[in-house]
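Residue strings, one per chain:
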Amino acid sequence: MPPPDPEHDYIVVGSGAAGGTVAARLAEAGMRVLVIEAGPDPRRDGDARAQADYDVPAFHPFASENPEFAWDYRVRNSARNDAVFYPRAGSLGGCTAHNAMIFMVAPDSDWETLAAETRDPGWLPEAMHEHRKTVENCRHRPLWRLLAKLGIDPTGHGWNGWLPVEKAVPKRALRDAALIRALLLSTLASLARNRGWLGRICVFLRAWGDPNDLRRHAREQVCYTPVTTSGHARTGARERLEAVRRAHPERLQIVTDCLATRVLFDESGRASGVEWLKGRHLSRASVWAGHQSDQGESHARREVILAGGAFATPQLLMLSGIGDPAHLAAHGIPLRAALPEAGRNLQDRYEISVVHRMARPWHSLRGATFTPGDPLHRAWADGRRGMYISNGAALSALRRSSTARDDAPDLFLMGLMARFRGYYPGYSADLWPGLDRFSWTVLKGQTGNRAGTVRLASADPRDRPLIDFAQFAQDGEADLTGLVEGLEMARALARPLIARGVIAEEELPGAAVTGEALREWVRAHAWGHHACGTAAIGPVLDPQGRVLGVPGLRVVDASIFPRIPGLFIAAPIYLAAEKLAADILNGKEG
């Protein structure tokens, strides 16, 4: 792909859930937009394996380690005092190219808090509901889709947005119907214990397990996980950008394998463009080392919009002289704007898994090697059938811990037909040994820790930044308590199945690990993958995402959130990007 044109109305650095969304919306509105993406297009530029890893929902773990577009970030784990693998995607579509495709909206309380803190009514739940309708094309509630056309719709779904959202219920899973039914009944029984069977069953029947139904907010329930697929193939920011480029080729230019190295400024101090290097795998976060083929700069008449994510955006701000003066001086970078909170406030959720070995292998996975051409892949390729239409989640539950800060569930328990122990190099190849494992992965939301940092390793834009989440440093004991409670809930779900011989044993952490030993095991092994907050509204940005004191520069990505929203980050990012695009088009430019 040739280098970018020299001048546009807007330059968007990054093409993920935020960058792709805002760039497409601006181009549709008649603006000339340049999107600069550091990685390749995984479908056009990758080999057959890369294309399959992108397309096939069940292959998403392999996408996160595919060397064609995987970025190997290492983050400091303070509990273990070492560096751990934190997969990111350097590709068109950003992390929507390798994520588990889960689409779950944030509770209204998160938007209410942000609106109150910013005094911007554009963040109120009612406004964000409208942006949801712009984004979501719900395809998993057909009856309500029909009723919505008649003006009857209490669900809050969007039915005509640009992002298809489906659910995966493989018919092949019926081969394990008895096991899955046992898991479901165990989960329902746990939810109803001491809480009233009738009420819990009514919640399930009313929303039919849909976690995005507005009527389920602040309720515990058994649910499925809605996914961003179209015809059971991955879809996301890449497809959004490609659709708009096809419709408006004169307005939207997308340049891949192009690493932004610095924001440029005019004589008045206004952001005026971006300096870049052209070449494959230029970031040293890339698994493969690359070589520069060209360098240059592009200019924006209106704004430069940074959308590189919670790691790359603060790095680019600091490389451009925006950040903590002492830190910039240590790397010989001239100060342009003293914003010491740039790169601070790094947040994540905590996750942990309890892994069980089943008494027998999953019948529905028989023949699966998780490679293109195996029997299950042929079923997916020929008719979008079989287990590979799923991201691996068999069953999920929304629960509340004793440390939840409000009535909304703060725990998400997801049952996976795999051995998922977290992220480490080679983890994707370790997920299905014997095809007989089941993992309850526990995600803890409403986390209180905001002590993480992103710092420059050097002034070389190709170097990976230094990332420290400072796990459990703030509100650590409360977060840890909630996470341990979630793990114990998962154990309770498995206990009757162990007694019946359906589950052979608890493999990890092991039934003998209890009490304080369990607490310390969770502290040492918890992980996350929803980084955000490193250029937050308040200390770094105004409520419309504009960088304080730097005209013409805006941030639109996960960095903007003062507090991590919801339970999964992708949907809040999509909605926030639509809100900020609306701000730009309504004349709130820097």
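Residues numbered from 1 in each chain as written. Predicted model: local features only at pLDDT ≥ 70, side-chain atom pairs only at ≥ 80, totals over all residues. Heavy atoms only, no water.

(A) The arrangement of helix H10 (residues 309-319) in detail. With 10 of 11 residues buried, H10 lies mostly within the body of the structure. Looking at H10, one finds that the buried residues are Gly309, Ala310, Phe311, Thr313, Pro314, Gln315, Leu316, Leu317, Met318 and Leu319. Positive backbone phi, approximately 90°, marks Gly321, located one or two places after H10. (Buried < 20%, exposed > 50% of the residue type's maximum accessible area, 1.4 Å probe, protein only. Helix = DSSP H or I, 4+ residues; strand = E, 2+ residues; numbered from the N terminus.)

(B) Seen up close, the packing of aromatic side chains. Scanning all chains against the criterion turns up 22 aromatic pairs. Centroid distance Phe420 to Trp527: 5.2 Å. Interplanar angle 75°. Geometry classified as edge-to-face. Note that Phe420 is positioned in the loop between strand E16 (411-416) and strand E17 (437-444) and Trp527 in the loop between helix H14 (515-525) and strand E21 (553-555), a separation of 107 residues in sequence. Taken as a pair, Phe420 and Trp527 share a single burial class, namely buried. The rings of Phe59, Phe62, Phe370, Tyr388 and Trp432 are connected pair by pair, giving a single aromatic cluster. The ring of Phe265 is capped by Arg336, whose NZ or CZ atom sits 4.0 Å from the centre of that ring. Lying over the aromatic face of Trp380, Arg384 brings its terminal NZ or CZ to 3.8 Å of the ring centre. (Phe/Tyr/Trp six-rings, centres within 6.5 Å; stacked < 30°, edge-to-face > 60°. Lys NZ or Arg CZ within 6 Å of the ring centre and 35° of its normal.)

(C) Up close: the state of the cysteines. One pass over the full model with this rule turns up zero disulfides. Unpaired in terms of disulfides, Cys138 finds its nearest cysteine sulfur in Cys223, a separation of 14 Å. The class of Cys223 is buried, set by a relative accessible area of 4%. (Disulfide = S-S within 2.5 Å.)

(D) Local environment of the pairing of strand E14 (residues 350-358). Burial analysis of E14 places eight of its nine residues in the buried class, which makes it a mostly covered element. In terms of strand pairing, E14 meets E17 through eight bridges, oriented antiparallel. Residue pairing in the sheet places Ser353 in a bridge with Thr441 of E17. (Pairing = 2+ DSSP bridges.)

(E) Broad picture of the packing of helix H4 (residues 108-118) against helix H5 (residues 125-135). Their axes nearest at 9 Å, the elements H4 and H5 cross at an angle of 120°. The orientation of H4 relative to H5 falls into the category oblique. Judged by residue contacts, Asp108, Trp111 and Glu112 of H4 engage Pro125, Met128 and His129 from H5. Of the residues belonging to the contact of H4 with H5, the class tally is three nonpolar, one polar and two charged. (Axes fitted to C-alpha atoms, helices over the stretch in contact; angles between N-to-C directions. Parallel < 35°, antiparallel > 145°, perpendicular 65-115°, else oblique. Contact = heavy atoms within 4.5 Å. Nonpolar A, V, L, I, M, F, W, Y, C, P; charged D, E, K, R; others polar.)

(F) Structural context of the side chain of Glu242. With respect to the helices and strands, Glu242 occurs in helix H9 (residues 237-247). Here Glu242 falls in the buried class, since its relative accessible area comes to 11%. Beyond its immediate sequence surroundings of up to four residues, Glu242 is in contact with Asp41, Arg44 and Leu92.

(G) Structural context of the sheet that holds strand E20 (residues 503-508). The strand order across the open sheet formed by six strands is E7-E15-E16-E17-E14-E20, and the pairing between neighbours is antiparallel. Two strands in the sheet have a free side with no partner beyond their single neighbour: strand E7 (221-223) and E20. For this sheet, the mean angle separating the axes of adjacent strands, direction not counted, is 20°. Where E16 meets E17, six bridges bridge the pair, whose relative direction is antiparallel.

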